[in-house]
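Survey of secondary and tertiary structure
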Amino acid sequence: MESGQDWKIAALTINKCVCFLFVGDILDKYIDILIKLANKSLKNGDVPVSAIVVENGKMISKAHNLKYKKKDVTAHAEILAIKKACKKKKSYYLNNCTLYVTLEPCMMCTAAIIQSHIKEVVYCVKSPKFGYLSSKNNDIKLKITECYNETYEKMLKDFFKNKR
């Protein structure tokens, strides 16, 4: 490790295997972008979820939830980001891409992730009610990484507390 860099270690358990990751400034940069995008969802009254698609270290698309604003149940951040990435690449194959998302994807978004051949999903907070990746990943051939983020978790909890 180089001196002067802020390194973190994240542990991930998948199917009785613990994987340790060294994550630095790049992940922090993506999480900052995700939180700014999630705030846009909040302003629209939507659940603060956002997603970005990255290919070879370059962000090729970004989106935030527009479900409430568009009155469209499919306008999840992951779906919108995947659509934009496919349009930009002129292909539905995103096999060299990583999807960064604030909240663990639901069943619908997981299906879109699989169909678009995304190789990796990195998410900040598990979704106990609707999350599909961590609880049902037995048949999913996809690298899944959870990178807990306290700022986002608080934003999400505050959103639902204010709704009730």
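Read on for a plain summary of the structure. Note that this is a predicted model, so its numbers are computed, not measured. (Residues numbered from 1 in each chain as written. Predicted model: local features only at pLDDT ≥ 70, side-chain atom pairs only at ≥ 80, totals over all residues. Heavy atoms only, no water.)

**Some points on unusual backbone geometry**
Positive phi, close to 55°, is recorded for Lys 71, a residue that is not glycine. For Lys 71, the position within the fold is in the loop between α2 (67-70) and α3 (77-89). Among the residues examined, Lys 71 registers a relative accessible area of 65% and is labelled exposed. Phi is positive for Lys 90, close to 55°, though the residue is something other than glycine. (Helix = DSSP H or I, 4+ residues; strand = E, 2+ residues; numbered from the N terminus. Buried < 20%, exposed > 50% of the residue type's maximum accessible area, 1.4 Å probe, protein only.)

**With respect to a positive patch on the surface**
On the surface, Lys 40, Lys 43, Lys 62, Lys 69, Lys 70, Lys 83 and Lys 84 cluster together to form a positively charged patch. With respect to the secondary-structure elements, Lys 70 resides in helix α2. A relative accessible area of 53% places Lys 70 in the exposed class. (Patch = residues over 30% accessible without salt bridge, like charges linked within 9 Å, V, L, I, M, F, W, Y side chains within 5 Å. Areas by Shrake-Rupley, 256 points an atom, 1.4 Å probe, with all protein chains shown as cover. Salt bridge = Lys/Arg side-chain N within 4 Å of Asp/Glu carboxyl O. Lys, Arg positive; Asp, Glu negative; His and termini not counted. Charge placed at Lys NZ, Arg CZ, Asp CG, Glu CD.)

**Remarks on the packing of aromatic side chains**
What the rule picks out here adds up to 3 aromatic pairs. Note on Tyr 30 and Tyr 100: the rings are 4.7 Å apart at their centroids and 45° apart in plane angle, and the pair reads as tilted. With Tyr 30 in helix α1 (residues 25-43) and Tyr 100 in strand β5 (residues 97-103), this pair connects stretches of sequence that are 70 residues apart. You can call Tyr 30 buried: its relative accessible area is 3%. A ring pair is formed by Phe 159 and Phe 160, whose centres lie 5.0 Å apart and whose planes are at 80°; its orientation type is edge-to-face. The ring of Tyr 68 has Lys 71 sitting right over it, with the charged end atom 4.2 Å from the ring centre. (Phe/Tyr/Trp six-rings, centres within 6.5 Å; stacked < 30°, edge-to-face > 60°. Lys NZ or Arg CZ within 6 Å of the ring centre and 35° of its normal.)

**Some points on helix α4 (residues 107-115)**
If you check which residues of α4 are buried, you get Cys 109, Thr 110, Ala 112 and Ile 113. One face of α4 carries all of its buried residues, which in axial projection span an arc of 160°. Away from its buried face by more than 90 degrees, α4 exposes Met 107 and Gln 115. Taken from the residues just after α4, His 117 is the one with a positive phi, measuring 65°. (Arc of directions from axis to C-beta.)

**Points about the pattern of salt bridges**
Under the criterion given, the structure shown has 2 salt bridges. Between Lys 89 and Glu 55 there is a salt bridge whose closest N-O contact spans 2.9 Å. With Lys 89 in helix α3 and Glu 55 in strand β3 (residues 50-55), the pair connects residues that are 34 residues apart, well separated along the chain. For Glu 55, a relative accessible area of 15% puts it in the buried group. The closest approach of N and O atoms between Lys 154 and Asp 158, which form a salt bridge, is 2.7 Å. Remark: Asp 158 and Lys 154 occur in helix α5 (residues 150-163); sequence separation between them is 4 residues, near one turn of the helix. Overall, the relative accessible area of 52% leaves Lys 154 in the exposed class.

**Re the sheet that holds strand β7 (residues 143-146)**
Ordered by their spatial adjacency, 5 strands build an open sheet running β4-β3-β5-β6-β7, and the pairing between neighbours is mixed. Every interior strand has two partners, whereas the edge strands, β4 (58-64) and β7, have only one. Within this sheet the neighbouring strands show an average axis-to-axis angle of 15°, counted without direction. For β3 and β5, the ladder comprises 5 bridges, and the chain directions are antiparallel. Residue pairing across strands places Ala 51 opposite Val 101, the latter belonging to β5. The sheet contacts of α3 involve β3, β4 and β5, and relative to β4 the element is tilted by about 140°. (Pairing = 2+ DSSP bridges. Axes fitted to C-alpha atoms, helices over the stretch in contact; angles between N-to-C directions. Contact = heavy atoms within 4.5 Å.)

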